[in-house]
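Coordinates in review
If you want the building blocks of each chain, they are given just below.
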Number of protein chains: 2
Amino acid sequence: MDFEKYMTKRAKPLKASGIREMFKLMADPAVISLAGGSPDPELFPTDELAEIAVDVLKNNGKVALAYGTTDGYAPLKEELTKRAKKVDSFKGGDKIIITTGGQQGIDLAARVVVEDGDDIVVESPSFVGTLNSLRSVRANLVGVEMDDDGMNMEKLEEVLKSRNVKLIYTIPNFQNPTGITMSLEKRKKMLELAKKYDCLIIEDNPYGDLRFSGEYVPTIKSLDDEGRVIYVSSMSKILSPGMRIGYVVCNDVLCDKIEIIKQVNDVHTPCLTQMIAAEFLKKYNIDEYIERAREVYGRKCRFMLGCIEKYFPKGIKWTKPNGGLFILVTCPDSIDAAELSIEAVKKYKVAFVPSNNFRVDMDAKTSSFRLNYSTMPEDKIEEGIKAIGELLKEKLA
Amino acid sequence: MDFEKYMTKRAKPLKASGIREMFKLMADPAVISLAGGSPDPELFPTDELAEIAVDVLKNNGKVALAYGTTDGYAPLKEELTKRAKKVDSFKGGDKIIITTGGQQGIDLAARVVVEDGDDIVVESPSFVGTLNSLRSVRANLVGVEMDDDGMNMEKLEEVLKSRNVKLIYTIPNFQNPTGITMSLEKRKKMLELAKKYDCLIIEDNPYGDLRFSGEYVPTIKSLDDEGRVIYVSSMSKILSPGMRIGYVVCNDVLCDKIEIIKQVNDVHTPCLTQMIAAEFLKKYNIDEYIERAREVYGRKCRFMLGCIEKYFPKGIKWTKPNGGLFILVTCPDSIDAAELSIEAVKKYKVAFVPSNNFRVDMDAKTSSFRLNYSTMPEDKIEEGIKAIGELLKEKLA
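Throughout what follows, the structure given in this document is the object of discussion. (Residues numbered from 1 in each chain as written. Chains lettered and ligands numbered in written order. Predicted model: local features only at pLDDT ≥ 70, side-chain atom pairs only at ≥ 80, totals over all residues. Heavy atoms only, no water.)

Looking now at the sheet that holds strand 6 (residues 165-170) of chain B. Residue and element names in this part refer to chain B. What the 8 strands build is an open sheet, ordered 2-9-8-7-6-3-4-5; its pairing is mixed. If you trace the sheet from one side to the other, it starts and ends with strand 2 (94-99) and strand 5 (150-151), each paired once. Relative to strand 9 (residues 246-251), strand 2 runs antiparallel, the two sharing 6 bridges. Paired with T99 across the two strands is G246, which belongs to strand 9. (Pairing = 2+ DSSP bridges. Helix = DSSP H or I, 4+ residues; strand = E, 2+ residues; numbered from the N terminus.)

Take a look at the structure:
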């Protein structure tokens, strides 16, 4: 049978994310992976969570194992509302819904507001999970280049002027894959432009808590009095990605519709993981755990930047993040980052992600690539960067 | 702001499921709920799962809390493949993917194969979660009436002849909401018709293990040598619905695409719940737990049927299920089941689901309703059925 012929226009062109394909290569324990986007597993509070898991199942097992409500476990909604309020991202008229990771929040919001063929603006480069989710609802993606302080606002306005844009997707804090933070000025400008050209904004903020240098910048949501911003965040980078606890805060009309789509999608996020997360937030001060993560990631980031400085040849540029998990490296145009990444795995067993994966046009050649510093220990970071440096020197010789 | 105007054609017409809305009424502990579709919480193996949860987090916490692969935790895939093979529903060329409940399996499959406006056949009545998922991808639903032994095959062929049907959705075992089991003859016929008119079948089998009388009937998937059947099942009715562990078995070409859509939807099902489920299946004999569930549901079903016989007035008909969780009651045409259900909650605090919720046209009047016997204890079942009987006597007097 020809199964391809049954496939929808939305499904047919979708390819597996290059990053998740790379995960399969990385199953080889000898590979030094600077490709991932995971928090450091050493930071997982496994003992605390084990203790809570028993408590929940022993004392509240019938709730933990039964069907729950689609909008999420009420005590977790309360705790995460508090976290959203801390960054002034829960406004009058807003509601919160728990999602199976931040990814589901983005995907559900896309199903609610993105029609086939709608023009949607994304940072170029941007998070591949969102690009693919938007592709799966047949959005017409329009990438807008970034400056050192976020999306270029002149270019954004040009796009908004010439097209009928429905939605702007942005990761203002420690962006994936660039590590760039959008300035307050640009956040205000983006919201102003969204008003002027009547579009919505998805503000994706999974890394916001992971600042290790520089000054706090208010969320775009905190500046929004109209309900134009759909705020998405998660516990993946501050507690555990494998638990798949995310949340969306937005105007109740949109949130109610997201809830209905979630109902047809997975009924609800598993109760057990929601209850464990809620108990953790009640019983422990997560900000202390976040503080620890900030220290670790700040140290590792500085270490990786030092290695890059030491081992990379001249003519290479890179970003200097104030938080999050990623550095973007840009080589001279003669380098094809996709080829480079394959050679690095084959020759040195070092993995990183070429940034064509993060582009609207995934097939175009790119000379930049993303490095992650959160998962590997420092000796492996040094070994990995040294190997990439040698490869670059060969290429540029 | 007018948020409605941003909504997609797929999202705008979707309404919350009447059943999940009824869950809110049922928060009142005084309500006797014959409306749910949950397994009996007394059957949850909470102690065993608590013990396993600690083991998993203490000994394998870094895996349980980290990102996992989109297709699912390998040991759980193995265990569930064994269960699918037990009913000959894992054929050559097939793959399995773990989903966040069976609902996600259906929703992902719909995103892969159902195009806007495609004609999709469903049993009438059918599971509301699937109807809404199909509505959310803008399927054109075509309901085919059921006989006592499953979908009417003459009517099915009429539809297939006159329309270009892409997919048939069926729950052959102890169907939701009717409790009806499709005969082997009809299963063969449905597959034959699917071949003749070149459509796919989603065989949804969440209740298959819960047979308490009659003879085992082979799955449609077991009869399929072409890969025409997408088999969906879950652990919701045999272990825990709140854990949200489902799975899809189908031809690898479709399964790979389902995996890509899952990647954009929730990246992966939470690792912790998958690992707990895998350990449970390895460490305990789930068939013993299922045997207990069968005894309980068989007893409760017979008890409810006895009460119906005793308390319902003449002129009422009902199904006699051989398994699963539901009985469908059909009243004389003069009864509006939707009105009846509202009166029953208000006057007697008894809840059940009128079957307009399970119809393609949810707004049409219907005289039938679904009763669930798995969650309430027997004294409550008697009290509830007696109250409905009194209401029906009043109405029909």
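Where helix 4 (residues 101-113) of chain A contacts helix 9 (residues 252-266) of chain B, the axes come no closer than 5 Å and their chain directions differ by 100°. As judged from the angle between their axes, helix 4 of chain A and helix 9 of chain B are roughly perpendicular. Contacts between helix 4 of chain A and helix 9 of chain B involve Q103, Q104 and D107 of chain A from the first element and Q263, V264, N265 and D266 of chain B from the second. Split by residue class, the contact of helix 4 of chain A with helix 9 of chain B holds 1 nonpolar, 4 polar and 2 charged. (Axes fitted to C-alpha atoms, helices over the stretch in contact; angles between N-to-C directions. Parallel < 35°, antiparallel > 145°, perpendicular 65-115°, else oblique. Contact = heavy atoms within 4.5 Å. Nonpolar A, V, L, I, M, F, W, Y, C, P; charged D, E, K, R; others polar.)

Residue and element names in this part refer to chain A. A complete count under the given rule lists 66 salt bridges over all chains for this structure. When the shortest N-O distance is used, the salt bridge between K283 and E51 registers 2.9 Å. In this pair, K283 is assigned in helix 9 (residues 271-283) and E51 in helix 2 (residues 46-65), connecting sequence segments 232 residues apart. Residue classification places K283 among the partly exposed positions, given a relative accessible area of 42%. Classification of E51 as partly exposed rests on a relative accessible area of 39%. (Salt bridge = Lys/Arg side-chain N within 4 Å of Asp/Glu carboxyl O. Buried < 20%, exposed > 50% of the residue type's maximum accessible area, 1.4 Å probe, protein only.)

We now examine the pairing of strand 8 (residues 229-234) of chain A. Among the 6 residues in strand 8 of chain A, 6 count as buried, and that is most of the element. Of the two faces of strand 8 of chain A, the one lined by V229, Y231 and S233 of chain A and the one lined by I230, V232 and S234 of chain A are each fully buried.

Residue and element names in this part refer to chain A. For Y207, the position within the fold is in the loop between strand 7 (200-204) and strand 8. On the accessibility criterion, Y207 (4% relative accessible area) is buried. Once the C-alpha coordinates of Y207 and P13 are considered, the two residues, 194 residues apart in sequence, prove to be 30 Å apart. Residues contacting Y207, with those up to four places away along its chain left out, are I171, N173, F174, N176, K237, G324, L325 and F326.

Negative phi values dominate among residues other than glycine, just as trans dominates among peptide bonds. Residues N176 of chain A and P177 of chain A are joined by a peptide bond in cis, for which omega reads 15°. For P177 of chain A, the location among the structural elements is in the loop between strand 6 (165-170) and helix 7 (184-196). You will see that F174 of chain B, though not glycine, has its phi angle at about 50°, which is positive. Mapped onto the secondary structure, F174 of chain B falls in the loop between strand 6 and helix 7 (184-196). Phi is positive for K349 of chain B, which is not a glycine, with a value near 55°.

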